Amino acid sequence: MHMKSNATTSEPSECLLRIVEAAPQVNRRYQFFLWSQADLQRWLPHKLLVCGAYHREYRDLVFDVFNSVPIPEAALRGLQSPSGPAIAAAIKRWHQRRQQSCWLHREELPAGDAVAEMMREAGYQHLLVHGMSRPGRPDEIESFFLFGSPEHVQDDQALAHADMLLPCLHTTYLRVHTTERQMISVSGASSGGMAAGPGALPRGSGITEREREILLWVRDGLSNQQISEQLGISALTVKNHIQKILRKLGAANRAQAVAKAMSMNALASESVSRLQFGE
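Just so it is clear, the model here is predicted, and its values are computed rather than measured.

Engineer: Pulling in residues and values, what's your account of the overall build of the protein?
Structural biologist: Along the backbone of the protein there are 12 helices and 5 strands. For the protein, the proportion of its 279 residues judged to be buried stands at 49%. Sequence separation of 24 or more characterises 65% of the internal contacts of the protein that already satisfy a separation of 6 or more. Accessible surface for the protein amounts to roughly 13400 Å². Of this, 53% is attributable to carbon and sulfur atoms.

Engineer: Please provide a residue-by-residue account of the nonpolar core, values included.
Structural biologist: Within the largest apolar cluster, 29 residues are counted, with the highest numbers of intra-cluster contacts made by Phe32, Trp35, Phe66, Leu128, Phe147 and Leu169. Looking at this core, the elements that each hand over two or more residues are helix 1 (12–22), helix 2 (29–36), helix 3 (39–43), strand 1 (48–55), strand 5 (137–148) and helix 7 (156–191). When neighbours within four sequence positions are excluded, Leu128 is seen to be in contact with Leu44, Cys102, Trp103, Phe145, Leu146, Phe147, His152, Ala158, Leu159 and Ala162. In terms of nonpolar packing, the next biggest core, distinct from the first, is built from 28 residues, Ala86, Cys102, Leu104 and Met119 among them.

Engineer: Give me the lowdown on the sheet that holds strand 1, citing residues and values where you can.
Structural biologist: Each strand in a sheet pairs with another by means of backbone hydrogen bonds, the pair being arranged parallel or else antiparallel. What the 5 strands build is an open sheet, ordered 2-1-5-4-3; its pairing is antiparallel. For this open sheet the edge positions go to strand 2 (60–67) and strand 3 (102–105), each flanked by a neighbour on one side alone. Within this sheet the neighbouring strands show an average axis-to-axis angle of 30°, counted without direction. Pairing analysis gives 8 bridges linking strand 1 to strand 2, with the strands arranged antiparallel. Bridging from a neighbouring strand, Ala53 pairs with Val62 of strand 2. Of the strands in this sheet, strand 1 and strand 2 are in contact with helix 4 (residues 73–80), which crosses strand 2 at around 140°. Sheet strands touched by helix 5 (residues 85–96): strand 1, strand 2, strand 3, strand 4 (126–134) and strand 5. Its angle to strand 5, the strand with the most contacts, is close to 115°.

Engineer: Describe helix 9 (residues 224–231), naming the residues involved and giving the relevant values.
Structural biologist: Every buried residue of helix 9 is listed here: Ile227, Ser228, Gln230 and Leu231. Across the axial projection of helix 9, the buried residues extend over an arc of 160°, all falling on one side. Residues of helix 9 that are buried make contact with helix 8 (209–219), helix 10 (235–249) and helix 11 (254–263). Looking one or two places after helix 9, you find Gly232, whose phi comes out positive at around 70°.

Engineer: Lay out the packing of aromatic side chains in plain terms, naming residues and giving numbers.
Structural biologist: Using the criterion set out here, one finds 5 aromatic pairs in the structure. Taking the centre distance of 5.0 Å and the plane angle of 45° together, the rings of Phe32 and Phe66 count as tilted. Here Phe32, found in helix 2, pairs with Phe66, found in strand 2; they are 34 residues apart in sequence, far enough to count as distant. Given a relative accessible area of 0%, Phe32 falls into the buried group. On the basis of an interplanar angle of 80° and a centroid distance of 5.5 Å, the ring pair of Trp94 and Phe144 is categorised as edge-to-face. Highlighted residues: Trp94 in helix 5 and Phe144 in strand 5, separated in sequence by 50 residues. Each member of the pair, Trp94 as well as Phe144, carries the same accessibility label: buried.

Rules behind the numbers
- Residues numbered from 1 in each chain as written.
- Predicted model: local features only at pLDDT ≥ 70, side-chain atom pairs only at ≥ 80, totals over all residues.
- Heavy atoms only, no water.
- Helix = DSSP H or I, 4+ residues; strand = E, 2+ residues; numbered from the N terminus.
- Buried < 20%, exposed > 50% of the residue type's maximum accessible area, 1.4 Å probe, protein only.
- Contact = heavy atoms within 4.5 Å.
- Areas by Shrake-Rupley, 256 points an atom, 1.4 Å probe, with all protein chains shown as cover.
- Core = buried A, V, L, I, M, F, W, Y, C linked by side-chain atoms within 4.5 Å.
- Pairing = 2+ DSSP bridges.
- Axes fitted to C-alpha atoms, helices over the stretch in contact; angles between N-to-C directions.
- Arc of directions from axis to C-beta.
- Phe/Tyr/Trp six-rings, centres within 6.5 Å; stacked < 30°, edge-to-face > 60°.

Right, dumping it as structure tokens:
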């Protein structure tokens, strides 16, 4: 039994071309999520995509989790932590494979680890691992990615697809980070730390004005702590609001919530400072 791309044998090159052609339009996390759910799913099917990029301020990798199905909070934290057992094991395996695409087996994670438990309960046997280091400096990782799906088994075709996808994935994800950091900087300078003004919400959306306000900051890439500072509330309150938003929208993650809210026009009536960046 093998994990195979949904693309037919006559279609793979066209599928990869569509992925590459769509990539330059991806500048935000919610756009990245939508991009990952389109042709990229045909090229490399997945239910879970973990993306890491080196952050100079933190001097470490910073991770995002793009999941199309809900995962437990403890597992989410484990996948976001560069020092957590799952990420550490993935990086170790990747280095052992000389920075080539490879598989991380569930059994390689410590017993009782939240990510290992999530994988067991959801039927994940492996995670596909790949990344990119600075030329000639393998220990200086610039980007790192994990793909997961219950259908994944060890398959050379999937690894080959990851190899071909990596340059585009690396460039696109780093552009998202760069764009959102610039937006945070400009938005903070222009608003003086004040949130965007209120606007009418679409009837029946179920999203309150405060939740829409928080979604705007989530869309701009702010963390819970950064949003709390913008709004003058605690990070725990922000977290609780986001959990309510996910439930209301039936979303599995922050990026998916933003994408769904935008499809409902629930993020309309934005401030000029945000509109200048466009969608």
